[in-house]
2 protein chains.
Amino acid sequence: MRGEEVGRLFLVLFQATSAFLRRLNREELISLVENKNYFSFSIQKRGRTRLSRPINSGLFLVDSSQVETCWESLLEDDLAGRDADAVTKVIYTLAISFCAGVDMVKDGDKKTPGTFFEYLIGYLFAKALGIDPVRRIQVLNLDLTASLPTDYIFNLGSNRPKFHVPVKTSTRERIIQVWAHQRVLDGVYGTGRFLGMPVVLNETKLDVANRKVTEICLPEQWLIYQMHIAKLNRIYYLDVPESYGRLNLVFPPIRILPFGQFFFEFAELT
Amino acid sequence: MRGEEVGRLFLVLFQATSAFLRRLNREELISLVENKNYFSFSIQKRGRTRLSRPINSGLFLVDSSQVETCWESLLEDDLAGRDADAVTKVIYTLAISFCAGVDMVKDGDKKTPGTFFEYLIGYLFAKALGIDPVRRIQVLNLDLTASLPTDYIFNLGSNRPKFHVPVKTSTRERIIQVWAHQRVLDGVYGTGRFLGMPVVLNETKLDVANRKVTEICLPEQWLIYQMHIAKLNRIYYLDVPESYGRLNLVFPPIRILPFGQFFFEFAELT
């Protein structure tokens with residue numbers, strides 16, 4: 001899945017959605033999230049306004065050529081002169097544009113954006129690590145043989161870490177599954193062999209009736225999961241939720257990072 | 001929630017749904033599940049046939065008076081002369097009738113049947129144990145204070161077990177959450193203090209196009225969850241899936257029981 005043609009395809013797709021979105025109206029939303037502003041694309045359909053999911057104005061690159069040139073650099077493994085924040089914005093813009101585009105044409109379709117986002121992140125990991133993921137691993141355990149379906153697993157081979165990479169557009173209370181899967185991997189293969197590093201788009205929620213945007217977060221529960229279920233190595237976000245960002249500062253900390261960071265640290269992690 | 005008037009309400013609701021369903025057509029389905037037959041209620045809507053979820057003919061009591069008299073006995077705590085299978089059928093009929101009724105009038109509504117089923121099982125546990133459940137427990141842990149939302153917890157007081165009772169109409173891969181919650185309870189409070197005993201309606205899936213009914217089960221994964229995440233005390237089903245029933249026979253076994261059994265064993269468990 002890491003071929004160059006796949007990388008080009010994401011760019012073509014972005015150019016198409018970006019051209020489509022540019023013709024739509026933008027509606028400012030009332031952000032209840034500190035230090036963040038959100039807007040939606042909007043469309044009139046049968047006399048009613050349809051809004052896209054909320055888009056973080058501070059992360060969304062209006063000038064699509066910025067996305068294109070940075071994406072080219074990513075394809076060429078040459079990020080010299082760029083930093084994590086810049087890369088985060090590019091991938092955020094690419095991902096949220098597609099999701100917003102789907103919001104505009106299909107009502108209540110959560111599957112298409114989810115699948116797209118999974119492919120996008122899967123591609124970026126595969127390209128960076130130079131290896132394709134698997135989605136199912138063998139459990140061999142004395143007389144028991146079973147095959148366990150998983151999220152993306154990137155196996156770098158012996159004496160190197162294996163990456164366990166669940167990909168979600170948002171998590172809410174479903175995130176507990178990620179810790180539970182990590183627990184199974186730790187239990188079956190030994191603690192520390194799989195580095196759990198989920199990638200999540202955002203945790204925003206739009207109340208359409210009053211145009212208010214909030215972030216749905218459960219930081220206290222995350223601390224308990226991290227202490228009592230399993231240890232995730234880090235959690236990447238494209239739009240880092242405010243209250244999760246603060247988990248970097250508690251003890252024991254949970255590392256919550258903007259996803260662009262991955263491109264500057266994966267060499268160290270492997 | 002264990003008041004007598006609540007118990008009466010379930011009966012009134014059953015009588016209404018049962019009267020509604022009796023006027024509908026029944027369509028036999030093609031069961032791909034060994035030793036089980038299924039049918040659906042059907043209705044014509046805008047020239048199209050709408051089918052209810054599959055109903056197990058071997059568990060569904062056509063004569064609603066049988067349900068009514070047994071329910072009365074349950075309300076009076078007098079199950080003399082009845083056995084677990086008979087009680088399972090009564091509760092199955094009551095639950096599936098409501099769910100099928102909702103299927104007939106609302107397209108794709110999963111929430112109403114889920115909420116109803118949760119109330120029904122919550123009521124039956126509360127009545128049997130003589131205590132109301134809570135849905136949130138305090139985590140006190142040195143300098144950390146948090147409140148954890150949970151499924152039903154029935155706290156029988158000191159020196160007695162606490163029951164952890166997640167209720168689902170079906171589980172599929174979401175079941176891992178139940179083991180993860182059990183793991184958190186074990187970790188926070190100590191292993192063995194909470195008996196995990198989820199109650200599930202069934203695991204059937206209907207392929208509407210060809211009228212085929214299957215059961216979606218993941219028995220190999222259940223074994224791994226039970227070994228590596230946490231230990232569930234037992235799992236009750238109203239319509240026990242064939243491949244899960246066999247988990248009673250493997251080693252280490254997972255106890256999978258028809259829910260009617262609860263009424264004949266809860267005294268022992270407490």
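Residues numbered from 1 in each chain as written. Chains lettered and ligands numbered in written order. Predicted model: local features only at pLDDT ≥ 70, side-chain atom pairs only at ≥ 80, totals over all residues. Heavy atoms only, no water.

### Side note on the sheet that holds strand β11 (residues 199–200) of chain A
Residue and element names in this part refer to chain A.
- Taken together, four strands build an open sheet; the order of strands is β9-β11-β14-β15 and the sheet is parallel. Every other strand in the sheet has two partners, leaving β9 (167–168) and β15 (256–258) as the edge strands with one partner each.
- Bridge count for strand β14 (residues 235–237) against β15 is three bridges, and the pairing is parallel. By the bridge assignment for β15, I235 is matched with I256. (Pairing = 2+ DSSP bridges. Helix = DSSP H or I, 4+ residues; strand = E, 2+ residues; numbered from the N terminus.)

### Quick word on the interface of chain B and chain A
- On the chain A side, the residues contacting the 25 residues of chain B number 25 residues.
- A buried area of about 2,100 Å², summed over both sides, lies between chain B and chain A, and 71% of it is on carbon and sulfur atoms.
- Considering only the surface of chain B that becomes buried against chain A, B:R183, B:I224 and B:H228 emerge as the three largest contributors, covering 26% of it.
- Summed over the shared surface of chain B and chain A, the result is zero salt bridges.
- At the junction of chain B with chain A, the criterion picks out two residue pairs in polar contact (both at pLDDT 80 or more).
- Contributing elements (two or more residues each) for the side of chain B that touches chain A: β6 (134–141), β7 (144–155), α5 (176–189) and α6 (219–228) of chain B. (Contact = heavy atoms within 4.5 Å. Buried area = accessible area lost by both parts, 1.4 Å probe. Salt bridge = Lys/Arg side-chain N within 4 Å of Asp/Glu carboxyl O. Polar contact = N/O pair within 3.5 Å; in protein donor to acceptor, adjacent residues only side chain to side chain.)

### Here's the deal with the pairing of strand β13 (residues 212–215) of chain B
Residues and elements named next belong to chain B.
- Side-chain alternation along β13 places V213 and E215 on a buried face and K212 and T214 on a face that remains uncovered.
- Here strand β2 (residues 30–31) pairs with β13 via two bridges, running parallel. Bridge pairing in β13 places S31 opposite V213.
- Relative to β13, strand β12 (residues 204–207) runs antiparallel, the two being bridged by four bridges. Looking at the pairing, D207 lines up with K212 of β13.
- Between β12 and β13, which pair antiparallel one after the other, the connecting turn spans four residues, and R211 there sits at a positive phi close to 65°. (Buried < 20%, exposed > 50% of the residue type's maximum accessible area, 1.4 Å probe, protein only.)

### Some words on the packing of aromatic side chains
All names here are of chain A.
- Inspection of the entire model under this criterion finds 48 aromatic pairs over all chains.
- With a centroid separation of 6.1 Å and 20° between ring planes, the pair formed by F125 and F259 is classed as stacked. Placement of the pair is F125 in helix α4 (residues 111–129) and F259 in the loop between β15 and α8 (262–269), with a sequence separation of 134 residues. Side by side, F125 and F259 carry an identical accessibility label, which is buried.
- Seen from the ring of F39, R26 lies directly overhead, with NZ or CZ sitting 3.6 Å from the centre.
- Seen from the ring of Y152, R135 lies directly overhead, with NZ or CZ sitting 4.7 Å from the centre. (Phe/Tyr/Trp six-rings, centres within 6.5 Å; stacked < 30°, edge-to-face > 60°. Lys NZ or Arg CZ within 6 Å of the ring centre and 35° of its normal.)

### As for the environment of A:V208
All names here are of chain A.
- The topology assignment puts V208 in the loop between β12 (204–207) and β13 (212–215).
- By relative accessible area, which is 46% here, V208 ends up partly exposed.
- The spatial distance from the C-alpha of V208 to the C-alpha of V184 is 39 Å, given a sequence separation of 24 residues.

### Considering the relation of the copies chain B and chain A
- Here chain B sits on chain A after a turn of 180° about the axis and a move of 0.0 Å along it, with an RMSD of 0.0 Å. Taken together, the rotation and translation describe the operation of a two-fold axis.
- Both copies share a contact surface, since 100% of the interface residues of chain B are interface residues in chain A too. (Least-squares fit on C-alpha atoms with pLDDT ≥ 70 in both.)

### Notes on helix α3 (residues 84–105) of chain A
- With 22 residues, α3(A) extends 32 Å between its outermost C-alpha atoms, agreeing within 8% with the 32 Å of an ideal straight helix rising 1.5 Å per residue.
- Of all the 22 residues making up α3(A), 18 are buried; the element is thus mostly covered by neighbouring parts of the structure. (Expected span 1.5 Å × (residues − 1).)

### A closer look at helix α5 (residues 176–189) of chain A
All names here are of chain A.
- Over its 14 residues, α5 extends 20 Å from the first C-alpha to the last, a length consistent with the 20 Å expected when each residue adds 1.5 Å.
- Most of α5 is tucked away, with eleven of its 14 residues classed as buried.
- Taken together, the buried positions of α5 are occupied by I176, Q177, V178, W179, A180, H181, Q182, V184, L185, D186 and V188.
- Downstream of α5 by one or two residues, G190 has phi in the positive range, about 110°.

### Some points on unusual backbone geometry
- At the junction of A:F251 and A:P252, the peptide bond is cis and its omega measures out at -10° in the coordinates.
- Within the secondary structure, A:P252 is located in the loop between α7 (242–245) and β15.
- Notably, A:R46 is not glycine yet its phi reads approximately 45°, a positive angle.
- The class for A:R46 is exposed, based on a relative accessible area of 83%.
- Even without being glycine, B:R172 reaches a positive phi, approximately 50°.
- Along the chain, B:R172 falls in the loop between β9 (167–168) and α5.

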